[in-house]
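Tertiary structure, described
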Amino acid sequence: FGSPKSSQPAINGWSDVQAMLPNAGTALAPGDDGAVLVNLAFSFPYAGGSWTQMFVGGNGIIGFGANPNPSGFYDPADFYSATPKLAAYYLDLDPSSGGTVRSKSDATKHTITWSAVPAYGTANLNTFQIVLYANGNFTFTYNGIASTVSTSPIVLGFHPGGAPPLETISFS
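Residues numbered from 1 in each chain as written. Predicted model: local features only at pLDDT ≥ 70, side-chain atom pairs only at ≥ 80, totals over all residues. Heavy atoms only, no water.

1. Looking at unusual backbone geometry
For Ala47, which is not a glycine, the phi torsion comes out positive at approximately 55°. Even without being a glycine, Ala116 presents a positive backbone phi close to 55°. In this structure, Ala116 sits in strand E7 (residues 109–118). Its relative accessible area of 26% is what places Ala116 among the partly exposed residues. (Helix = DSSP H or I, 4+ residues; strand = E, 2+ residues; numbered from the N terminus. Buried < 20%, exposed > 50% of the residue type's maximum accessible area, 1.4 Å probe, protein only.)

2. Structural notes on the sheet that holds strand E5 (residues 85–90)
With antiparallel pairing, five strands are arranged side by side in an open sheet as E2-E3-E4-E5-E10. Here the strands that pair on one side only, and so sit at the sheet edges, are strand E2 (35–46) and strand E10 (155–159). In this sheet, neighbouring strand axes are inclined to one another by 20° on average, regardless of whether the strands run parallel or antiparallel. (Pairing = 2+ DSSP bridges. Axes fitted to C-alpha atoms, helices over the stretch in contact; angles between N-to-C directions.)

3. Some remarks on the pairing of strand E6 (residues 100–105)
Relative to E6, strand E1 (residues 26–28) is paired through three bridges, and the arrangement is antiparallel. Among the inter-strand pairings, Thr26 is bridged to a residue of E6, identified as Ser103. Pairing of E6 with E7, which is carried by six bridges, proceeds in the antiparallel orientation. Note on E7: the bridge partner recorded for Thr100 is Ser115.

4. Regarding the pairing of E2
Judged from the eight bridges that link them, E2 and strand E3 (residues 49–57) form a sheet pairing that is antiparallel. Along E3, the bridge assignment pairs Ala35 with Gly57. Following E2, the chain reverses through two residues before pairing antiparallel with E3; Ala47 in that reversal takes a positive phi of roughly 55°.

Rendered as structure tokens:
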């Protein structure tokens, strides 16, 4: 599947400032621990496949080919399931209690923005994006993270699906 590539963010760490505007993109309603199927305007090459749709999860993750939360509730182990996925900030978030998840697409990139989404059961608001580019590159960008690790880990990264060898890195 190749290695992930990143481009330099443009302004304040945001690769697409327009996505932060209230009318930028389509509001999604993944609910607490759910996911919404979203069409891409291009075919995204990732993890040995070429994807024209993705599942956008309320928990800061996107999956290709299946819901990234197969258990139906937040479970950090779901990151290691067979579904290819990208996780900008995989945590038990709850967009049903505040904030928005938006999807904005054009011919060369697709931006998913989680804006002021609280961690489940808290007032800790988190704002970040995943941007997919038609050439297979992707970026994760952040503009305000208030959640901390308490009882669940926060997972960031990419997983091609299947059972590749994994390496866990602790930043504590």
